[in-house]
Amino acid sequence: MDQRIYICDDEEGMRRYLGKVLASWGYQVEVFSSPLLLLRALEDSRGEDDLLLLDIKMPELDGIETLRRVKQLRPSLPVLMMTGHGTIESAVEAMKLGAYDYLTKPFPQEKLFAAVQHCLERERLLDENCSLKRELRERQGCETPVFVSTAFGEVYDLALRVAESDASVLILGESGTGKELVAGTIHYHSPRAQQRFLALNCAALSETLLESQLFGHLKGAFTGAQQNQKGFLEEAHGGTLFLDEVGDLSLGLQAKLLRVLQEGEFIPVGATRAKRVDVRFVAATNKDLQAAVREGNFREDLFYRLNVIPLHLPPLRDRPEDIEPLTRHFLARIAKKNRRAPKGVSREALEMMLTYSWPGNVRELGNVIERGAILARGEEIAPEDLPFKNQLAAAAINDSAPGNPALRLRDAERVQVGRALRQTGWNKSQAAGLLGVTRKTLDRKIKEFALTPEALLPPT
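Within any chain, residue numbers begin from 1 and follow the written order of that chain's sequence. With pLDDT at 70 or above as the cut-off, local features in this predicted model cover only qualifying residues; side-chain atom pairs require 80 or more to be listed or tallied, and sums for whole chains, interfaces and linings still use all residues. Computation of side-chain values: all heavy atoms of the structure, hydrogens and water removed.

K.L.:
Lay out the side chain of R15 in plain terms, naming residues and giving numbers.
P.N.:
Tracing the backbone through its elements, the reader meets R15 in helix 1 (residues 12–24). The buried label goes to any residue with under 20% of its type's maximum accessible area, the exposed label to any with over 50%, and the partly exposed label to all in between, with areas taken from a 1.4 Å probe on protein chains only. Positive charges are assigned to Lys and Arg, negative charges to Asp and Glu, while His and the chain termini are left out of the count. We count a salt bridge whenever a side-chain nitrogen from Lys or Arg sits within 4 Å of a carboxyl oxygen from Asp or Glu. Of the side chains with opposite charge, E12 comes closest to the buried, unpaired R15, at an N-O distance of 4.9 Å. Throughout, a contact is declared for two residues whenever any of their heavy atoms are within 4.5 Å. Leave out the neighbours within four places in its chain, and R15 touches D9, D10, V31, F32 and S33. Helix and strand definitions here come from DSSP, where helices need a minimum of 4 consecutive H or I residues and strands a minimum of 2 consecutive E residues; each element is numbered from the N-terminal end.

K.L.:
With reference to specific residues and values, describe the environment of I381.
P.N.:
Checked against the element boundaries, I381 lands in strand 14 (residues 380–381). Exposure remark for I381: the relative accessible area of 1% places this residue in the buried category. C-alpha of I381 to C-alpha of E348: the two residues are 33 residues apart in sequence and 9.4 Å apart in space. Each residue touching I381, except ones within four places of it in the same chain, is listed here: L331, G344, V345, S346, A349, I369, G372, A373, A376 and L386.

K.L.:
I'd love a proper account of the packing of aromatic side chains, names of residues and values included.
P.N.:
Think of it this way: a Phe, Tyr or Trp ring, Trp meaning its six-membered ring, pairs with another when their centres are within 6.5 Å, and the plane angle makes it stacked under 30 degrees, edge-to-face over 60, tilted otherwise. Following the criterion strictly, the structure yields 9 aromatic pairs and no others. Taken together, a centroid distance of 6.3 Å and an interplanar angle of 35° make the contact between F215 and F266 tilted. Of this pair, F215 sits in helix 8 (residues 207–215) while F266 is found in strand 9 (residues 265–266), placing the two residues 51 residues apart along the sequence. On the basis of relative accessibility, which here comes to 2%, the residue F266 falls in the buried class. With a centroid separation of 5.2 Å and an interplanar angle of 65°, the aromatic rings of F303 and Y304 are classed as edge-to-face. Three or more aromatic residues joined by ring pairs make a cluster, and in this case those are F147, F152 and Y156.

K.L.:
Quick one: what's the story with the nonpolar core, residue by residue and with numbers?
P.N.:
Ranked by internal contacts, the top residues of the largest apolar core, which has 31 residues, are L233, L241, L243, V246, F281 and F298. Going through the elements one at a time, strand 6 (169–172), strand 7 (197–201), helix 8, strand 8 (240–244), helix 10 (251–263), strand 11 (280–285), helix 11 (289–294) and helix 12 (300–306) are the ones with two or more residues in this core. The element contributing the most residues to this core is helix 10, with 5 residues. L243 has contacts with L200, C202, L214, L257, F281, V282, A283 and A284, leaving out every residue within four places of it along the chain. Here the nonpolar core consists of buried residues drawn from Ala, Val, Leu, Ile, Met, Phe, Trp, Tyr and Cys, with membership extended through side-chain atoms lying within 4.5 Å. F330, L331, L354 and I369 belong to the second largest nonpolar core, which has 22 residues in total.

K.L.:
Please set out the pattern of salt bridges residue by residue, giving values where relevant.
P.N.:
All told, the structure shown has 24 salt bridges when counted by the stated rule. In this structure, the salt-bridge partner of D248 is K287, at a minimum N-O distance of 3.4 Å. Placement of the pair is D248 in the loop between strand 8 and helix 10 and K287 in the loop between strand 11 and helix 11, with a sequence separation of 39 residues. For D248, a relative accessible area of 35% gives the class partly exposed. A relative accessible area of 42% places K287 in the partly exposed class.

K.L.:
Provide a residue-level description of helix 19 (residues 439–448), including the pertinent values.
P.N.:
Taken together, the buried positions of helix 19 are L442, K445 and I446. An end-on view of helix 19 places all buried positions within 100° of arc, on one side of the element. Turned more than 90 degrees from where helix 19 packs its buried face, K440 and K447 sit exposed. One or two residues past the end of helix 19 sits A450, with phi positive at roughly 55°. The arc refers to the directions leading from the helix axis to the C-beta atoms.

K.L.:
Residues and numbers for the sheet that holds strand 4 (residues 79–83), please.
P.N.:
If you walk across this open sheet you meet the 5 strands as 2-1-3-4-5, and the pairing is parallel. Taken across any chain shown, the strands that pair with only one partner, and hence form the sheet edges, are strand 2 (28–32) and strand 5 (101–104). Across the sheet, the mean angle from the axis of one strand to that of its neighbour is 20°, orientation sign disregarded. By definition, two strands form a pair when at least two bridges between them are found by DSSP. Strand direction decides the pairing type here: strand 3 (residues 51–55) and strand 4, joined by 4 bridges, are parallel. Think of each axis as a best-fit line through the C-alpha atoms, taken over the contacting stretch in the case of a helix, with angles from 0 to 180 degrees between the N-to-C directions.

K.L.:
Break down the confidence of the model for the chain for me, with residues and values.
P.N.:
On average, residues of the chain carry a pLDDT of 85, and 88% of them reach 70 or more. A score from 0 to 100, pLDDT tells how confident the predictor is in each residue. Below pLDDT 50 for its whole length, residues 392–407 participates in 7 contacts with residues either more than four positions away or in separate chains.

K.L.:
Describe in detail the sheet that holds strand 6, supporting the description with residues and values.
P.N.:
The strand order across the open sheet formed by 5 strands is 7-8-11-6-12, and the pairing between neighbours is parallel. Two strands in the sheet have a free side with no partner beyond their single neighbour: strand 7 and strand 12 (309–312). Averaged over all pairs of adjacent strands, the angle between their axes in this sheet comes to 20°, without regard to strand direction. Where strand 6 and strand 12 come together, 4 bridges link them in parallel fashion. The partner of L170 across the bridge, within strand 12, is P310. Helix-sheet contacts for helix 8 involve strand 7 and strand 8, and the interaxial angle to strand 7 is about 170°.

Take a look at the structure:
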């Protein structure tokens, strides 16, 4: 047994008794005669202690004040208070401050054993519960987004700010930019985090099946409805419902969804009575909903109900500095899945990835890395392991076709630097990422080629 228990008591006899008994049960024990010595040890330790037995009545610093300071240093450390008959009220106060339980002196060994076992078992279950929740979030794709870019960081910060409210959120962005991941982030940082997070793809189902999935149905409501079925709205009661590709909803379903947002109630398919529901809505689309409203394909009132807080996710090509950390993330995940050490990516392959446009965004990057990890012959993914190598080579050939005479190396370098700056709107960090160079190197090239924002304006 490698569990470590701290004991703090000013009575030498009690320290000796507790140390001997707990050590005989297989625990690692460290004793302190003074609260100040204990606090100093907690400041210096790295959290390897599992339990603290703390006396309430001590001359140097009483147990209540010691407990307050312990909880400041180590909030998650479980504490068992030890008290005499005359200090029961203090023990109750200690429990209000976060102590797990108290033992009244003198206590027999069996009572001490039971209290220690219960306390440590409770902590083990809490740790296990946290681990299971983390694993569940990862399985649902709700892990923390990976990024270093300012562009994505601004969106992520806004998502965390709106998570505390119950306002509807509309996430806009191209396919593969991580809309469901951001929706999960909003849920798991909200007061609804202990309830369910459900995701429904509105573009993947027919109108009839989507209505049944969303609102539920009664037995016999339609052919094949052999029993009552709860819908996602009812299943997500108290939690969050993520409607992906909400722009694909039919006008009929849009009207029914609007009623849920306005009145908090819905009618299952085949039913006559409405059911009330408490659901937070997060919707996403890669379509221009405002254009759909103008064209009459999306209800204006529903748009404003969903668009309380809009979040615009930037495409991967606009945040190239995230490609490298995302690549490391995907490699680590693939290695964990396959139970082997992660591969790396060669500098040449990374530079090719930085110049690629990523029409499929982060989802495409994940697929490319998984493919490369499988095909790589060595310990690194090489350029030949990338599926778009031929596309980039063809682009390079076209640029040097007979109609486009070859440039001197210095002129070609100036063109590429200018192209990167123009493409990123003179964002030097993004341009450096596209070029695969440091910001310092880019600044030197800008000075060397006498480049200015005005000089890079496209011809009119």
